[in-house]
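Inside the fold
The residues making up each chain are set out below.
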Amino acid sequence: MRPQSFISVLSLILFFLHFTKTLCQSPAAAPAMAPPTTPVKAPPADSSQAPSAQVATSPGPVDINKILQKAGHFTVFARLMQATTEDTELNKELNNTNNGITILAPTDSAFSSLKAGFLNSLSDEDKTELVKFHVLPAFISTSQFQTVSNPVRTQAGTGPRVTLNVTTTGNFVNISSGLTNTSISGTVYTDSQLAIYQLDKVLYPLDIFTPKPPAPAPEPALGKPGKAAPGVESPTAPKDISAAPTQLFLHDNALLLAVSCAFAAIIYS
């Protein structure tokens, strides 16, 4: 056999073997397609402000305004404290005495939820009372809220119109002013003398936002006796003259005795 014929036969055999192997192999599976994904919607944003990170203590005098500014989203409350000079008074008390202070600080979101022009409608006196209503004249830790006695006194005073009620359930602390119910949503700052907690609502004091009770009627004054009108004599008590005849009798007898004694002395002299 010629070499060309041998090569042709070998080529046909190799082609036949390759074709048979290809037919016996199963076709490769197509890559599986990923199921379509449904986009997950984010939950609706809560109207309350997210709890702020706690501000670390720093050496040196305490400055409440700087603490609030460093914490963030307390700009309105910090400005209100400055405008009423309440921050200055509290800083003096904290740095010059051992008194403790607790501040319930509303967030900027709490103020933005109020009706437009709310703060501008308040007098300077009401603004000061509003700030003091968010300040407790004692240091209260988160655990001590469970043992406080109601009503809780504020810097605004001690009457029922400027005090708060505190209730707790576990670590949940609810604050009520009689007009506002809210809860502590985070700790802004705390040391051994000062505690600042975050509120998501502004506390309304009854003393500002409800009618004040009527003042009690004045008691009748114990006045001095009035002057008599001109030409009118003031009544006077009658004089007691019951002893006058007796006094006159004694006077006459004494005079008679004296004359008798004098006459006798002349005769016997």
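Residues numbered from 1 in each chain as written. Predicted model: local features only at pLDDT ≥ 70, side-chain atom pairs only at ≥ 80, totals over all residues. Heavy atoms only, no water.

- The chain appears in an unreviewed UniProt entry as FAS1 domain-containing protein from Salix viminalis.
- Quoted verbatim from the Sequence similarities (unreviewed entry) field of UniProt, the annotation for the chain is "Belongs to the fasciclin-like AGP family."
- As stated in UniProt under Subcellular location (unreviewed entry), the record for the chain gives "Cell membrane". (UniProt positions renumbered as here; feature names shortened; annotations may be inferred.)

Thoughts on helix 2 (residues 64-71)
- Taken as a whole, helix 2 has its buried residues at I64, N65, I67, L68 and A71. Within helix 2, the buried residues cover an arc of 160 degrees as seen down the axis, which keeps them to one side. Within helix 2, the exposed residues directed more than 90 degrees away from the buried face are K66, Q69 and K70.
- Where the residues of helix 2 are buried, they touch helix 3 (75-83), helix 4 (86-96), strand 1 (101-106), strand 5 (181-190) and strand 6 (194-199).
- Sitting at the amino-terminal end of helix 2 is D63, which places a side-chain oxygen 3.1 Å from the backbone nitrogen of N65.
- Directly after helix 2, the chain includes G72, whose backbone phi takes a positive value near 85 degrees. (Buried < 20%, exposed > 50% of the residue type's maximum accessible area, 1.4 Å probe, protein only. Helix = DSSP H or I, 4+ residues; strand = E, 2+ residues; numbered from the N terminus. Arc of directions from axis to C-beta. Contact = heavy atoms within 4.5 Å. Polar contact = N/O pair within 3.5 Å; in protein donor to acceptor, adjacent residues only side chain to side chain.)

Some remarks on the sheet that holds strand 5
- Ordered by their spatial adjacency, six strands build an open sheet running 2-1-6-5-4-3, and the pairing between neighbours is mixed. Across the chains shown, the open sheet's two edge strands, defined by having one partner strand only, are strand 2 (135-136) and strand 3 (165-169).
- Where strand 5 and strand 6 come together, five bridges link them in antiparallel fashion. Within the sheet, the bridge partner assigned to T187 lies in strand 6 and is Y197. (Pairing = 2+ DSSP bridges.)

Some thoughts on the pairing of strand 1
- The buried fraction of strand 1 amounts to six of the six residues, a majority that puts the element mostly inside the structure.
- Covered by surrounding structure in strand 1 are I101, I103 and A105 together with T102, L104 and P106, the residues of both alternating faces.
- The pairing of strand 1 with strand 2 spans two bridges and is classified as antiparallel. When the sheet's bridge partners are listed, I103 is paired in strand 2 with V135.

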